[in-house]
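Next come the chains, spelled out residue by residue.
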Amino acid sequence: MTEKDHHHHDHACLEMFKMLSDYIDNDLDELTCKDIERHAAECVACKACLETLKQTINLCKGSTTRSVPDDVSRRLKATIQGLLENQPRL
Amino acid sequence: MPANKKKRKSPKDKDVELIRSINAGDLDLYYDLVKRYEQKLYNFGLRMCGDSQDAEDLVQDTFLNVFKYLQGFRYETKFKNWLYRVATSACIKKRRKSKFAPDRELSLEEFLPQNEAEIPKELPSWAMMPLDKLLNRELQEIIQQAILDLPEKYRLIMVLRDMEGFTTAETAEMLNITPANVKIRLHRGRLYLRDKLKDYFNND
Ligand SMILES: [Zn+2]
């Protein structure tokens, strides 16, 4: 496949694609950020890429935690108590 | 000592205080430390192993190991990071014994659009929706499963960075890899998950 075969292999798009996470995580210098923002404003494919990746991360960060089931908690307590009972005391 | 020399206590300081007391001989306080992190670790176990029995084993093994090594705890490290380091190695050991989730490398190329039709012409609506509208139980399960399907070296990074909220530097230290390596794996892990979400929303 040559570079011209499709849009996403455009050099700028490919470069952007590689840096999306660094951009989202604020790990890039100001100049590079500006380049990315300029490109995303004109290239809907890259803009979509960026926004879906952002949303993917939001979904991960937003995923809820479960409370520990009572029986799991009880067994852990028993394990720790057993452990502590077998320790030499000062 | 002047009273104002006491600094405001961060959560880290609270752990350190507790650990000092335990290490000074007040062993029963160890259960307080366990309770502080029980739920966090259990959820970490669920995310890494996907199975509640494995998650329970992970919690138990980790707290047994932590107790064993607590005397050697270096107070300049954050206890939470050290705890996750112990949990992570318990996790890796456990996974090595099981046969599921084969380890493979993810390449950047596999996440590029493979043909013209895959190139988005507009912003997908799910990308712009508020989280509380989007994140229902079904989607949570899709995400959980996609994370479990990731090869371990990517899954660990995804869970530590994007779910447990550790920084790149902390994750690198925990896993003994370079920050650059963390970033590479994280990017590929995220792209993998994004593809799964794209599939899910396209078929919806
Ligand atoms: Zn582009």
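What counts and how
Residues numbered from 1 in each chain as written. Chains lettered and ligands numbered in written order. Predicted model: local features only at pLDDT ≥ 70, side-chain atom pairs only at ≥ 80, totals over all residues. Heavy atoms only, no water. Donors = N, O, S within 2.8 Å, 3.2 Å for Na, K, Ca; no water. Tetrahedral: all angles 85-135°; square planar, octahedral: opposite > 155°, others 65-115°. Helix = DSSP H or I, 4+ residues; strand = E, 2+ residues; numbered from the N terminus. Buried < 20%, exposed > 50% of the residue type's maximum accessible area, 1.4 Å probe, protein only. Phe/Tyr/Trp six-rings, centres within 6.5 Å; stacked < 30°, edge-to-face > 60°. Lys NZ or Arg CZ within 6 Å of the ring centre and 35° of its normal. Salt bridge = Lys/Arg side-chain N within 4 Å of Asp/Glu carboxyl O. Domains from an automatic or database assignment. Contact = heavy atoms within 4.5 Å. Buried area = accessible area lost by both parts, 1.4 Å probe. Polar contact = N/O pair within 3.5 Å; in protein donor to acceptor, adjacent residues only side chain to side chain. Axes fitted to C-alpha atoms, helices over the stretch in contact; angles between N-to-C directions. Parallel < 35°, antiparallel > 145°, perpendicular 65-115°, else oblique. Left-handed = near helix turned anticlockwise from the far one by under 90°. Nonpolar A, V, L, I, M, F, W, Y, C, P; charged D, E, K, R; others polar. 1 Å grid on protein atoms, 1.4 Å probe; cavity = no way out; pocket = protein on both sides within 12 Å on 5 of 7 lines; lining within 4 Å. Points joined across faces, edges and corners; volume = space filled by probe spheres on them.

S.K.: Explain the coordination of the zinc ion here, please?
M.R.: A metal bound by six donors in octahedral fashion has ideal angles of 90 or 180 degrees, whereas one bound by four tetrahedral donors has an ideal angle of 109.5 degrees. All names here are of chain A. With distances of 2.1 to 2.3 Å, the protein atoms coordinating the zinc ion are Cys 13 (SG), His 39 (NE2), Cys 43 (SG) and Cys 46 (SG). Around the zinc ion, the 4 donor atoms are arranged such that angles at the metal cover 100 to 117°; this shape is classified as tetrahedral. Donor residues binding the zinc ion come from one chain and are separated in sequence as C-x25-H-x3-C-x2-C. Taken as a pair, Cys 13 in helix α1 (residues 11-24) and His 39 in helix α2 (residues 30-42) lie far apart in primary sequence, 26 residues in all. Overall, the relative accessible area of 2% leaves Cys 13 in the buried class.

S.K.: So what exactly am I meant to see when it comes to the packing of aromatic side chains here?
M.R.: Here a ring pair, both rings aromatic, is described through the centre-centre distance and the interplanar angle of the planes. Residue and element names in this part refer to chain B. Under the defined criterion, the tally for this structure stands at 10 aromatic pairs over all chains. Their ring planes at 85° and their centres at 5.4 Å tell us that Phe 73 and Tyr 75 sit as a pair that is edge-to-face. When the ring centre of Tyr 75 is taken as origin, the NZ or CZ atom of Arg 20, which lies over that ring, is 4.0 Å away. Positioned above the aromatic ring of Phe 166 is the side chain of Lys 80, whose terminal nitrogen or guanidinium carbon lies 4.8 Å from the ring centre.

S.K.: Any chance you could explain the pattern of salt bridges here in plain terms?
M.R.: Evaluation of the coordinates by the stated rule reveals 20 salt bridges over all chains. Measuring nitrogen to oxygen at the nearest pair gives 3.1 Å for the salt bridge that ties A:Glu51 to A:Lys47. Pair noted here: A:Glu51 and A:Lys47 are both in helix α3 (residues 44-62), with a separation of 4 residues, about one helical turn. One salt bridge connects B:Glu164 with B:Arg47, and the closest N-O pair in it is separated by 3.1 Å.

S.K.: Would you mind going over the domain arrangement of chain B with me for this structure?
M.R.: Accessible area lost on assembly of the parts is the figure often given for the size of an interface. Residues and elements named next belong to chain B. Domain boundaries assigned for chain B yield domain 1 (11-97) and domain 2 (116-202). If you average the C-alpha positions of domain 1 and of domain 2, the two centres end up 25 Å apart. Every contact between the two is made by 17 residues of domain 1 and, on the other side, 16 residues of domain 2. Contact between domain 1 and domain 2 buries roughly 1,500 Å² in total, counting both sides, with carbon and sulfur atoms accounting for 53%. Looking at the side of domain 1 facing domain 2, the largest losses of area belong to Arg 47, Met 48 and Arg 85, adding up to 42% of the total buried there. The interface formed by domain 1 and domain 2 holds 2 salt bridges in total. Across the salt bridge formed by Glu 170 and Lys 78, the nearest N and O atoms sit 3.4 Å from each other. The tally of links from domain 1 across to domain 2 stands at 7 residue pairs in polar contact (both at pLDDT 80 or more). Elements with a minimum of two residues in the side of domain 1 that touches domain 2: α2 (30-49) and α4 (79-97). By residue number, the principal contributor to the side of domain 1 that touches domain 2 is α4, which donates 8 residues.

S.K.: Where do I start with the interface of chain A and chain B in this structure?
M.R.: Between chain A and chain B, the residue contacts involve 50 residues of the former and 55 residues of the latter. Both sides together, the interface formed by chain A and chain B hides about 4,700 Å², and carbon and sulfur atoms give 67% of it. Here chain A is connected to chain B by 4 salt bridges. Put simply, B:Glu56 and A:Arg75 hold a salt bridge, and the shortest N to O gap is 2.6 Å. Linking chain A to chain B there are 20 residue pairs in polar contact (both at pLDDT 80 or more).

S.K.: Would you explain the packing of helix α8 (residues 152-163) of chain B against helix α9 (residues 168-175) of chain B in this entry?
M.R.: Helices that pack against each other are described as a pair by the angle of their axes relative to one another and the distance between those axes. Residue and element names in this part refer to chain B. Where α8 meets α9, the axes come as close as 10 Å, and the angle between the chain directions of the two elements is 140°. In terms of axis orientation, α8 runs oblique to α9. Two packed elements cross with a definite hand, and for α8 against α9 that hand is right-handed. Each of Leu 156, Ile 157, Leu 160 and Arg 161 in α8 lies in contact with α9, whose residues at this interface are Thr 168, Thr 171, Met 174 and Leu 175. Its residues assigned to classes, the contact of α8 with α9 shows 5 nonpolar, 2 polar and 1 charged.

S.K.: Would you take a moment to explain the layout of surface pockets for this structure?
M.R.: Using a probe with the size of a water molecule, rolled over the atoms, empty space left in the structure can be pinpointed. Approximately 470 Å³ is the volume attributed to the largest pocket. Of all the secondary structure elements, the ones that give two or more residues to the lining of the largest pocket are α3 of chain A together with α5 (125-128) and α10 (179-202) of chain B. A total of 5 residues in the lining of the largest pocket trace back to one element, the largest contributor, which is α10(B).

S.K.: Explain unusual backbone geometry here, please?
M.R.: Only a minority of non-glycine residues have a phi that is not negative, and only a minority of peptide bonds are not trans. Its identity is not glycine, yet A:Asn26 carries a phi of approximately 65°, on the positive side. By the secondary structure assignment, A:Asn26 is in the loop between α1 and α2. A:Asn26 gets classed as exposed once you look at its relative accessible area, which sits at 63%. Non-glycine residue B:Asn176 carries a positive phi angle of around 60°. Following the sequence through the fold, B:Asn176 ends up in the loop between α9 and α10.

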